[in-house]
Amino acid sequence: MAAEHLETALRASASQVGNLLLELFSNTDLLAKPDIKDGCSQFGNKNLNEELRGIDQEAVKSRMEGDLENCLLNKVDLRRQWISQMVEEVQKVVHHLTTEISYQDFRFQAIPYCDTYNENIKVLAPTQFLITVPMRGLAGYREARQQRWRFYSLKGTRLPRPLQDPEGLQQWLGVEQFLKSPGQWHEADVNIEGDIVPAKVLQVFRKLVENAIETCHLSDRVRMLMDHLVVRVVVETSAGQVELQLTPSVDIPTAWSKKAQWPSCLKRWPSPETVQCIKSFGFSLLACSSYHWQLSFLRAEQVLLEQLDEDGGCRRKCFQALRQMKEDVWCPGTRPVITSYHLQTVLFWTCEKYPYPKDWQVFSRGFLRLVRKLHKCVSQRFLKHYFVRKSNLLQYASSCELDALAQTLAFFLKDPQISLP
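Cut-offs applied
- Residues numbered from 1 in each chain as written.
- Predicted model: local features only at pLDDT ≥ 70, side-chain atom pairs only at ≥ 80, totals over all residues.
- Heavy atoms only, no water.
- UniProt positions renumbered as here; feature names shortened; annotations may be inferred.
- Phe/Tyr/Trp six-rings, centres within 6.5 Å; stacked < 30°, edge-to-face > 60°.
- Helix = DSSP H or I, 4+ residues; strand = E, 2+ residues; numbered from the N terminus.
- Buried < 20%, exposed > 50% of the residue type's maximum accessible area, 1.4 Å probe, protein only.
- Polar contact = N/O pair within 3.5 Å; in protein donor to acceptor, adjacent residues only side chain to side chain.
- Contact = heavy atoms within 4.5 Å.
- Salt bridge = Lys/Arg side-chain N within 4 Å of Asp/Glu carboxyl O.
- Expected span 1.5 Å × (residues − 1).

- Looking up the chain in an unreviewed UniProt entry gives the name Mab-21 like 3, with the organism given as Bos taurus.
- Annotation of the chain in UniProt includes, under Sequence similarities (unreviewed entry), the sentence "Belongs to the mab-21 family."

Set out below in structure tokens:
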């Protein structure tokens, strides 16, 4: 019943947010003023409604913006309650599964249950979570000293041509890159010619997950999804179904990847102190492809999010509003083409372009900057990873879905009332 009440409240609040956005963007001249710094105009109606003539427009805008912020905060709070309820139930399931998996295979670490933030759970969408499962036994990471050709295949045969080199967020991972690597990581079930191969790791892990579901008597709540590349399961919660991507992860807290040439020179955001702090968290390597490991900076990104508004700005509110509109209106669904991670990256790039506190004092302008940046990235089908800038996060996204979203965002920027519920 609690889940049903939350869902009803979310829908009602979504309608209220839409009405307030319509009122704010239609009845004031806020959108008619060009933002010179961003290089493009904010669309809107320059002619005020008859009933607003003679009224202090700054006061009207301030009141409407305050109402909109309050309504969005209420909506965000309802979303937080809904997500928290699902995360709590998912955590218990994941803890049981990974505890059993760790008991069966030392190389996989159990994920503890946390009353507060759990760094191993990333909410990509309301019903789509990324679960990183730490692997243990590997310590003392160092970058590969020399490049070599790989001619092996997953089936053990030798290829006539070498495997493709890793690109963007990808890299090889050899046991010799660790000062400490127990014998289990040299075994043939995960290792080929000295490389720890993600597809082999996933093969072992998938079988462990299947067995753990049976052993933990969770078959009535958890079921495996057919996916040859990654391990996906669906978990039944009191708030609805949640799809989990369970991904083995090698955490490397002692180094910063050479592929992450960050930050660029002459950048004012984030501060040098924050940069130093972020790099001290290192990075991770995720097993989610056949031969190459994928770089991940979830801890570093979390630090950036936590320190967004130390100067008193409204970046977090603008991001939450963008996420809410994306989930409710622009790109809903269980597997959206744009996730919260994409929006987070849009936020980081916009914060870097607008580094000063004065740029984030007016909620509506900050919100529209994010919408314009998102529209530009979706239209061009190009969104650079914030740390590894040679990687395009939209490279493998559906072109049709991106084009449809770009059109929806264009309609919103031209006339907000078109795309609101």
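**Here we look at the packing of aromatic side chains**
Point 1. The final tally for this structure, using the stated rule, is 19 aromatic pairs.
Point 2. For the ring pair Y152 and Y291, a centre distance of 6.0 Å and an interplane angle of 45° mean the geometry is tilted. A residue pair is termed long-range when its members are at least 10 positions apart, and Y152 in the loop between β3 (139–141) and β4 (170–171) and Y291 in the loop between β11 (283–286) and β12 (293–296) qualify at 139 residues.
Point 3. We classify Y152 as buried; its relative accessible area is 2%.

**Some remarks on the side chain of E327**
Point 1. As for its position among the elements, E327 is in helix α6 (residues 315–330).
Point 2. At 2.7 Å, the side chain of E327 forms a polar contact with the side chain of R79.
Point 3. Sequence-distant contacts of E327, defined by excluding residues within four places in its chain, comprise R79, P126, P332 and S340.

**Observations concerning the pattern of salt bridges**
Point 1. Under the criterion given, the structure shown has 20 salt bridges.
Point 2. Put simply, R107 and D189 hold a salt bridge, and the shortest N to O gap is 2.7 Å. Of this pair, R107 sits in the loop between α2 (57–104) and β1 (121–125) while D189 is found in the loop between β5 (178–180) and β6 (191–192), placing the two residues 82 residues apart along the sequence.
Point 3. For R107, a relative accessible area of 4% puts it in the buried group.
Point 4. Here R232 ties to E243 by a salt bridge, and the two come within 3.3 Å at their closest N and O atoms.

**A short note on unusual backbone geometry**
Point 1. Put simply, W262 and P263 share a cis peptide bond, and its omega is 0°.
Point 2. Checked against the element boundaries, P263 lands in the loop between β10 (240–252) and α4 (272–279).
Point 3. Each neighbour pair has its own omega, and for W269 with P270 the value is -5°, a cis peptide bond.
Point 4. Despite not being glycine, H217 shows a phi value in the positive range, around 55°.
Point 5. Within the secondary structure, H217 is located in the loop between α3 (198–215) and β8 (222–225).
Point 6. Take H217: its relative accessible area is 67%, and that puts it in the exposed class.
Point 7. In this model, R381 sits at a positive phi of 55°, which is unusual for a non-glycine residue.
Point 8. Checked against the element boundaries, R381 lands in the loop between α8 (363–380) and α9 (399–414).

**Concerning α6**
Point 1. The element α6 is extensively covered by neighbouring structure, given that 12 of its 16 residues are classed as buried.
Point 2. Among all positions in α6, only R315, C318, F319, Q320, A321, L322, R323, Q324, M325, K326, E327 and W330 are buried.

**Observations concerning α8**
Point 1. The end-to-end C-alpha distance of α8 is 26 Å, a good match for the 26 Å that 18 residues give at a rise of 1.5 Å each.
Point 2. The complete set of buried residues in α8 reads F363, S364, G366, F367, L368, R369, L370, V371, R372, L374, C377 and V378.
Point 3. Backbone geometry just after α8 places R381 at a positive phi near 55°.

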